[in-house]
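Given next are the chains, with one letter for each unit.
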Amino acid sequence: MLFKDRAIINLDVTDSTNQYASHLLRSAAPPDGTVITAQVQHQGRGQRGTDWESNPGENLLCSIIVYPIELNSYNHFYLSKVIAIALQELLEENLDREVLLKWPNDLIVAHKKIAGVLIETTWNHQRLHSAVIGIGLNLNQLNFNTAKATSTRLISGNYWEPQDCLKALLIKFEKYYFKLVSGQYNEITKQYRDHLYRLGQPMKFEYNGKAIDAMITGVDEDGKLRLHCGNGESLSCGLKEIKMVY
Ligand code: BTN
């Protein structure tokens, strides 16, 4: 096992498990694979500066600390791919439904978001030093503020104990993280691409605030989304530039 004897810190309440993990990284030397979970987050953070909402105790809220020093500024997106495919495989096995990856690493079932990932990193020159992989996975919550969210219980009808789900997720994550540290990049990329949401389907996007028609053709090595536009142009876009309209 890669993260043998990993430390798991289970909190009742915190501001954000990612925030807690970042404090820990600054104040101590948490071992590789340390996991922080919480029942309640007062300031759960999402991508693009959004909040992450979750009913107390119903879902999985966790952060994993890793030191992926083999990654650099060109290939660090592999970490996003690894956690995304670990979640994808876990959910597909447990739900018996197709689970897709909406770039960069949202998990989608029946066109609704079931999980999100927020990775926060520290760097040592051009190399990655540490990463906090924050995961919000909707398990038992039945009502959401948005029609675009779902949970495993809404899909399957079954209760899933968050700590049991965490154990299963860590086994999947370890499997793919091992492929990453042992350089099996092509296999990771194939699995990510094979489950990419809306790959090759013409659709609408917002690009730097402007509506465009385009089609996803893939994801670059550095994690940018590759698009073929209706006007024949090709684009590679970062998270701040592009938004899917769906
Ligand atoms: C997204 O916007 O899709 C990413 C959501 C990530 C939420 C998780 S919940 C546990 C961890 N702590 C946080 O504050 N955020 C992440």
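Up top is the structure.
Quick look at the structure, then. (Residues numbered from 1 in each chain as written. Predicted model: local features only at pLDDT ≥ 70, side-chain atom pairs only at ≥ 80, totals over all residues. Heavy atoms only, no water.)

1. Some thoughts on a nonpolar patch on the surface
On the surface, Leu2, Phe178 and Val181 cluster together into a nonpolar patch covering about 240 Å² of accessible area. Mapped onto the elements, valine 181 comes out in helix H4 (residues 162-181). (Patch = residues over 30% accessible without salt bridge, like charges linked within 9 Å, V, L, I, M, F, W, Y side chains within 5 Å. Areas by Shrake-Rupley, 256 points an atom, 1.4 Å probe, with all protein chains shown as cover. Salt bridge = Lys/Arg side-chain N within 4 Å of Asp/Glu carboxyl O. Helix = DSSP H or I, 4+ residues; strand = E, 2+ residues; numbered from the N terminus.)

2. Comments concerning the pairing of strand S6 (residues 112-124)
Bridging between strand S5 (residues 106-109) and S6 involves 3 bridges; their strand directions are antiparallel. Bridging from a neighbouring strand, isoleucine 108 pairs with lysine 113 of S6. Of the strand pairs in this sheet, S6 and strand S7 (residues 127-137) are connected by 10 bridges, and their pairing is antiparallel. Within S7, the residue paired with leucine 118 across the bridge is glycine 134. What sits between S6 and S7 in their antiparallel hairpin is a turn of 2 residues, with histidine 125 showing a positive phi close to 55 degrees. (Pairing = 2+ DSSP bridges.)

3. Considerations on the side chain of asparagine 59
Take asparagine 59: it is sitting in the loop between strand S2 (35-41) and strand S3 (60-66). A distance of 2.9 Å separates a polar atom in the side chain of asparagine 59 from a polar atom in the side chain of serine 54. A distance of 2.8 Å separates the side chain of asparagine 59 from the backbone nitrogen of leucine 139, its partner in a polar contact. (Polar contact = N/O pair within 3.5 Å; in protein donor to acceptor, adjacent residues only side chain to side chain.)

4. Quick look at the layout of surface pockets
One water molecule sets the probe size; rolling that probe over the atoms shows where empty space is left. Of the voids in this model, the largest pocket is the one considered here, and its volume is about 1000 Å³. For the lining of the largest pocket, the secondary structure elements donating two or more residues are helix H1 (17-27), S3, S5, S6, S7 and strand S12 (242-245). Within the lining of the largest pocket, the residues separate by chemical class into 18 nonpolar, 15 polar and 9 charged. The computed volume of the second largest pocket comes to approximately 600 Å³. If you go around the second largest pocket, you meet 24 residues; those closest to its centre are Gln47, His76, Pro104, Ile119 and Leu239. Secondary-structure elements contributing two or more residues to the lining of the second largest pocket are helix H2 (77-95) and S6. (1 Å grid on protein atoms, 1.4 Å probe; cavity = no way out; pocket = protein on both sides within 12 Å on 5 of 7 lines; lining within 4 Å. Points joined across faces, edges and corners; volume = space filled by probe spheres on them. Nonpolar A, V, L, I, M, F, W, Y, C, P; charged D, E, K, R; others polar.)

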